[in-house]
Amino acid sequence: MGDLILVRHGETEWSLSGRHTGRTDVPLTEHGREQARRLAPLIARHHIASAFVSPMRRARETARLAGLGGARVDADLSEWDYGGYEGVTTVEIHRTFPDWFLFTHGVAPGPPEHPGESPEEVGARADRVLAKIDAALAEAEGGVVVVSHGHFLRVLTARRLGLPASAGALFQLSTGTVSRLSTEHRRPVVAGWNVRPDAYCSHGSLSAGEAGPSEER
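Residues numbered from 1 in each chain as written. Predicted model: local features only at pLDDT ≥ 70, side-chain atom pairs only at ≥ 80, totals over all residues. Heavy atoms only, no water.

Visitor: Help me understand the packing of helix α6 (residues 119-139) against helix α7 (residues 150-160), please; the structure alone is not making it clear to me.
Guide: Packed helices, taken two at a time, are described by their axes: the angle between them and the distance between them. Two elements in contact, α6 and α7, have axes separated by 9 Å at closest approach and are oriented at 65°. Classified by the angle their axes make, α6 and α7 are roughly perpendicular. Crossing hand, α6 versus α7: right-handed. Along the contact surface, α6 presents Val 122, Gly 123, Arg 125, Ala 126, Asp 127, Val 129, Leu 130, Ile 133, Asp 134 and Leu 137, while α7 presents Phe 152, Val 155, Leu 156, Arg 159 and Arg 160. Of the residues contributing to the contact of α6 with α7, the split by class is nine nonpolar, one polar and five charged. (Axes fitted to C-alpha atoms, helices over the stretch in contact; angles between N-to-C directions. Helix = DSSP H or I, 4+ residues; strand = E, 2+ residues; numbered from the N terminus. Parallel < 35°, antiparallel > 145°, perpendicular 65-115°, else oblique. Left-handed = near helix turned anticlockwise from the far one by under 90°. Contact = heavy atoms within 4.5 Å. Nonpolar A, V, L, I, M, F, W, Y, C, P; charged D, E, K, R; others polar.)

Structure representation (structure tokens):
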């Protein structure tokens, strides 16, 4: 079975300022666009059978600039619905809820159009995505690329490894990076994580690279 390549979208104004960006459709910054362009040769070194992308503009633009213009849009790849914490920074939340942690506590309720999700609800969505990915991997030789968002991809990784959604807390993920989930002895493993293009190995594989701040939102 082929590898699963995870791409977190490039920088946005909200990711730069630390605002939780779930369903707000903010565009990439110019730096974010450059991050996406620099991912193209890195991704191109892998034989890709299918690609999926979140419907949010920041993810679709990243996919296009990274050479994945034909990626299939899937609403299940949207970022965590932050509900009442949409647009709010962690620092601001801690002023009234000092011990708050997304992967443990979830979010405050929001309006009907984005009421918020619990870690378990995001995990259920990740499981649906993984079922689609496995079907794509079974149909053709090669890997699958997913272009999505930081917190959702962290939960997706936890579920791929057989961990609870809350274990997504263990996987720091920066903007404009690529990660690779593979298998060893038919068991899922992390083969490369949070890799920036300038940390890409010359021998053509994604290894664990050194990255900057996680830019959590």
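Visitor: Explain the environment of Ser 54 to me, please; I cannot follow it from the model alone.
Guide: Following the sequence through the fold, Ser 54 ends up in the loop between β2 (48-53) and α3 (57-65). Owing to a relative accessible area of 0%, Ser 54 belongs among the buried residues under this scheme. Sequence separation between Ser 54 and Arg 186 is 132 residues, and the spatial gap between their C-alpha atoms is 28 Å. Sequence-distant contacts of Ser 54, defined by excluding residues within four places in its chain, comprise Ala 59, Arg 60, Val 73, Asp 74, Leu 77, Ser 78, Val 147, Ser 148 and His 149. From its side chain, Ser 54 meets the backbone nitrogen of Met 56 in a polar contact 3.2 Å long. (Buried < 20%, exposed > 50% of the residue type's maximum accessible area, 1.4 Å probe, protein only. Polar contact = N/O pair within 3.5 Å; in protein donor to acceptor, adjacent residues only side chain to side chain.)

Visitor: Any chance you could explain the packing of helix α2 (residues 30-44) against α3 here in plain terms?
Guide: It is the contact of α2 with α3, at a shortest axis distance of 7 Å, that shows an interaxial angle of 40°. In this view, α2 runs oblique relative to α3, as classed from their interaxial angle. Note that α2 runs across α3; the crossing there is right-handed. From α2, Arg 33, Ala 36, Arg 37, Leu 39 and Ala 40 reach across to α3, where they touch Glu 61, Thr 62 and Leu 65. Split into classes, the residues belonging to the contact of α2 with α3 amount to four nonpolar, one polar and three charged.

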